[in-house]
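# Descriptive analysis of the structure
Here's the letter readout for the chains.
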Amino acid sequence: MTGGSQAARKGPCVVIAGGGTAGHIEPALALADAVMRLRPDARVVALGTERGLEKTIIPARGYPLEFIPPVPMPRKPNVDLLKLPLKVRAAIKQTREVLDRIGADVVVGFGGYVALPAYLAARGRIPIIVHDSNARVGLANKVGARFADRVAVAVPDSGLPNAEVVGIPLRESIINLDRAALRAQAREFFGLDPHAPTLLVFGGSQGARSINNAVSGAARAFADAGIGVLHAHGPKNSLVVQEVPGAPRYVSVPYLERMDLAYAAADAALCRCGAMTVAEVSAVGLPAVYVPLPIGNGEQALNAEPVVKAGGAIMVPDSELTTEAVTELVVPMLADRARLAAMSAAAQGSGHREAADVLARMVLDAIDKRSQ
């Protein structure tokens, strides 16, 4: 369900703040959909900026979007942090004007440069709910959690005070994906062998060169083992793999528009382990080989740890992902149906499939308590 015609709705007004990247926007939209399922009379309004992905994604999903000035957050406490008050002041003023005009009853923040002014504008006026998808919490949510009514996180040991582990809200199309029912359609859509074990490979929206090189180098090993491959190499990269006559196809594409069909076509995935990726891959029950991004603060490895510990995935450091490693680790895994079935069950069991509804109830409860 999308936002629909919200102007005529008389129920509570829920404001979601999670712009910038898909990792912030998608959980926010999944929550929005859950709120509308639970309270069809509600209004959901998103906050965003002119420069973020939300400018196109949110209106396309049927929700109104109010623009506020961006407040980029420094990754670590440094001199830029000292400049924040000047940048934040105007954003808080404009955000308060938006909240008053639309009659906001609660603000739900998902981190990033939209969340901080939303938290500060709502402080002391309406309830605040904080959700963080990452194993290592960003600075905006660390600030918001100090005065939030409730704090929700994706994984344990986030470091946020009084945090409740709910998982990552996911859209219904992922939660309800029936991979078995869609498999024939999905394999035909991508031109894959209808019966061969199939590996899905992707490295984020832009691809990942290390993953591309290691997996494509093992093309012959996949062919000899009777394994098909669907490989999204990224729009700025190219990938040429020689076909082996009589073997399942190795299909390479720049980008996967239909991730639902990609998940349905696959028996396992090899990919990065951003928080949303881990949540989706686990929710649909795909065994995975996670290759954490080798830069940043190490949060990708932490995102995947619970699934790895549960037995639903294995993790290979980027520096160790070679063609030889793919041949020795991944090829045998795809050829072992019993192992794949066990990993699939473990992956699905490690997630929080009801996260969107759980968070939506938290949000609506906060409104009800404030109105009492």
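Residues numbered from 1 in each chain as written. Predicted model: local features only at pLDDT ≥ 70, side-chain atom pairs only at ≥ 80, totals over all residues. Heavy atoms only, no water.

This part covers the sheet that holds strand E3 (residues 65-67). The seven strands lie next to each other as E3-E2-E1-E4-E5-E6-E7, forming an open sheet whose pairing is parallel. The two strands at the open ends of the sheet, each matched to only one other strand, are E3 and strand E7 (163-165). Each adjacent strand pair in this sheet contributes to an overall mean axis angle of 25 degrees, direction not counted. Note that strand E4 (residues 106-109) and strand E5 (residues 128-132) share three bridges and pair parallel. Bridge pairing in E5 links Val107 to Ile128. Relative to the sheet, helix H1 (residues 22-38) contacts strand E1 (13-17), strand E2 (43-48) and E4, its axis offset from that of E1 by approximately 170 degrees. Running at roughly 155 degrees to E5, helix H5 (residues 115-122) makes contact with E1, E2, E4 and E5 of the sheet. (Pairing = 2+ DSSP bridges. Helix = DSSP H or I, 4+ residues; strand = E, 2+ residues; numbered from the N terminus. Axes fitted to C-alpha atoms, helices over the stretch in contact; angles between N-to-C directions. Contact = heavy atoms within 4.5 Å.)

Within the UniProt annotation, "binding site: UDP-N-acetyl-alpha-D-glucosamine" (unreviewed entry) is assigned to Thr21, Ala22, Gly23, Asn134, Arg171, Ser205 and Gln300. Secondary-structure assignment places Gln300 in helix H13 (residues 299-310). (UniProt positions renumbered as here; feature names shortened; annotations may be inferred.)

This part is about unusual backbone geometry. The residue Asp157 is not glycine, and still its phi comes out positive at about 60 degrees. In this structure, Asp157 sits in the loop between strand E6 (150-153) and E7. Residue Asp157 is classed as exposed on the basis of its relative accessible area of 77%. Positive phi values are uncommon outside glycine, yet Asn162 reaches one of about 55 degrees. One can find Asn162 in the loop between E6 and E7. A residue is classified by how much of its surface remains accessible, and Asn162, at 72% relative accessible area, is exposed. (Buried < 20%, exposed > 50% of the residue type's maximum accessible area, 1.4 Å probe, protein only.)

Moving on to the sheet that holds strand E12 (residues 288-290). Working definition: the strands of a sheet are paired by backbone hydrogen bonds and lie parallel or antiparallel to each other. Pairing is parallel in the open sheet, where six strands are placed in the order E10-E9-E8-E11-E12-E13. Two strands close off the open sheet at either side, each with one partner strand: strand E10 (250-253) and strand E13 (313-315). When the angles between neighbouring strand axes are averaged without regard to direction, this sheet yields 15 degrees. Pairing between strand E8 (residues 198-202) and strand E9 (residues 228-232): five bridges, direction parallel. If you follow Leu199 over to E9, its bridge partner there is Val229.

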